[in-house]
Amino acid sequence: MSESFGAAPMLTAFLKTDVNAGTLIVSTGQDGVRVFLNGKEYRRLTSHGQLRVPILGKVAVRVARVASRTSPSKPPT
């Protein structure tokens, strides 16, 4: 069974009834998105718009885009 939630970012879950393990595919369409599993940040960011995570059991998923920070330019002296 495959299930998709929302337009973007999208979560697709593949389920099998007799196994409590699988691969979570987080597809955001953007690189550098932070993924949180059960409230803890996963060690890698999305690459090529996706992140694949092996999972065991139930997980709560949250994503957050990393904001780019640039310092304001200084006027020439």
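Residues numbered from 1 in each chain as written. Predicted model: local features only at pLDDT ≥ 70, side-chain atom pairs only at ≥ 80, totals over all residues. Heavy atoms only, no water.

Re the overall build of the chain
Part 1 of the reasoning: The number of helices and strands found in the chain is zero helices and seven strands.
Part 2 of the reasoning: Listed by position from the N terminus, the elements making up the chain come as β-β-β-β-β-β-β.
Part 3 of the reasoning: Sorting the 77 residues of the chain into buried and exposed places 19% on the buried side.
Part 4 of the reasoning: Nonlocal contacts in the chain, meaning residues at least 24 apart in sequence, comprise 42% of its contacts between residues at least 6 apart. (Helix = DSSP H or I, 4+ residues; strand = E, 2+ residues; numbered from the N terminus. Buried < 20%, exposed > 50% of the residue type's maximum accessible area, 1.4 Å probe, protein only. Contact = heavy atoms within 4.5 Å.)

Concerning the pattern of salt bridges
Part 1 of the reasoning: Considering all chains together, one arrives at one salt bridge under this definition.
Part 2 of the reasoning: Where Arg34 meets Glu41, a salt bridge forms, and the shortest distance between an N and an O atom there is 3.3 Å.
Part 3 of the reasoning: The class of Glu41 is partly exposed, set by a relative accessible area of 43%. (Salt bridge = Lys/Arg side-chain N within 4 Å of Asp/Glu carboxyl O.)

Quick notes on the environment of Gln30
Part 1 of the reasoning: On the secondary structure map, Gln30 appears in the loop between strand S3 (21–27) and strand S4 (33–37).
Part 2 of the reasoning: Take Gln30: its relative accessible area is 35%, and that puts it in the partly exposed class.
Part 3 of the reasoning: Expressed as a C-alpha distance, the spacing of Gln30 and Ser47, which sit 17 residues apart in the sequence, is 7.6 Å.
Part 4 of the reasoning: Reaching out from Gln30, the side chain makes a polar contact with the side chain of Arg65 at a distance of 2.8 Å. (Polar contact = N/O pair within 3.5 Å; in protein donor to acceptor, adjacent residues only side chain to side chain.)

Thoughts on the environment of Phe36
Part 1 of the reasoning: Of note, Phe36 is situated in strand S4.
Part 2 of the reasoning: Separated by 24 residues in the primary sequence, Phe36 and Ala60 have C-alpha atoms spaced 7.9 Å apart.

Regarding the sheet that holds S4
Part 1 of the reasoning: Across the sheet, three strands lie side by side as S5-S4-S7; this open sheet has antiparallel pairing. Edge strands, defined here as strands with exactly one partner in the open sheet, are strand S5 (40–41) and strand S7 (61–65). (Pairing = 2+ DSSP bridges.)

Here's the deal with the nonpolar core
Part 1 of the reasoning: Membership of the largest hydrophobic core is limited to eight residues, which are Leu24, Val26, Val35, Leu37, Tyr42, Leu51, Val53 and Ile55.
Part 2 of the reasoning: Among the elements of the structure, S3, S4 and strand S6 (50–56) are those that each provide at least two residues to this core.
Part 3 of the reasoning: Tallying contributions element by element places S6 first for this core, with three residues.
Part 4 of the reasoning: Beyond its immediate chain neighbours, meaning those up to four positions away, Val35 contacts Val26, Lys40, Glu41, Tyr42, Thr46, Leu51, Val61, Arg62 and Val63. (Core = buried A, V, L, I, M, F, W, Y, C linked by side-chain atoms within 4.5 Å.)

Structural measurements only, silent on function.
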